[in-house]
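# Overview (structure and organization)
For reference, the chains in residue letters:
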Amino acid sequence: MAALVEPGIRLLALAEVTEYLGASGQTAIIDAAEVWVRRPAAKRPERNVFVSGENKQNAIKATVVTDADGRLLFCGQAEPGSCADIPQARRSGLVELLAVGPPVQILADVGYQALGAETARRRSRDSGSAASR
């Protein structure tokens with residue numbers, strides 16, 4: 001899915017989203033969207049991986065990035081509901097893009113708390129101060 005953010009600008013990949021946010025100085029919002037699904041058949045070995053730890057429901061989750069106005073910029077691959085937010089962000093490549101790409105301000109819930117520590121070294125190099133985290 002391509003995100004149309006301005007006339008003539010379509011973002012097709014997460015790398016394009018982080019580049020756009022860094023260049024424009026916009027704030028992003030990240031979260032994992034959870035969608036409830038039917039319970040898998042009883043004899044499937046992976047039946048329990050769909051149970052979300054948060055709601056104890058069968059679900060799938062996807063990492064979602066929006067701009068401050070709530071426009072969808074990126075929706076990651078759906079994964080079983082038992083997957084935590086940080087591993088999902090790592091698998092989508094978001095952590096690596098934030099560490100090596102342009103500085104991006106992101107609002108996130110506590111499920112992403114450790115994400116700041118993983119990308120703090122990049123920010124401290126850019127600002128010229130030592131990381132105090």
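Residues numbered from 1 in each chain as written. Predicted model: local features only at pLDDT ≥ 70, side-chain atom pairs only at ≥ 80, totals over all residues. Heavy atoms only, no water.

## Let's talk about helix α1 (residues 14-24)
Within α1, the full set of buried residues consists of Leu14, Val17, Thr18, Tyr20 and Leu21. Down the axis, α1 shows its buried residues gathered within 160 degrees of arc, on one side only. Following α1 by one or two positions, glycine 25 adopts a phi angle in the positive range, close to 75 degrees. (Buried < 20%, exposed > 50% of the residue type's maximum accessible area, 1.4 Å probe, protein only. Helix = DSSP H or I, 4+ residues; strand = E, 2+ residues; numbered from the N terminus. Arc of directions from axis to C-beta.)

## Let's talk about the nonpolar core
Core analysis: the largest hydrophobic core is formed by 19 residues, its most contacted members being Val17, Leu21 and Val65. Of all the elements in the fold, those that place two or more residues in this core are α1, β3 (27-36), β5 (72-75), α2 (85-92) and α3 (94-100). With four residues, α1 is the single largest residue contributor to this core. Setting aside anything within four residues of it in sequence, one finds valine 17 in contact with Leu11, Val65, Leu73 and Phe74. (Core = buried A, V, L, I, M, F, W, Y, C linked by side-chain atoms within 4.5 Å. Contact = heavy atoms within 4.5 Å.)

## Focus on α2
An α-helical segment advances 3.6 residues per turn. Residues three or four places apart therefore align on the same side. Every buried residue of α2 is listed here: Asp85, Ile86, Gln88 and Ala89. All buried residues of α2 project into a common sector of 160 degrees when viewed along the axis, lining one side. Glycine 93 lies just past α2 and shows a positive phi near 95 degrees.

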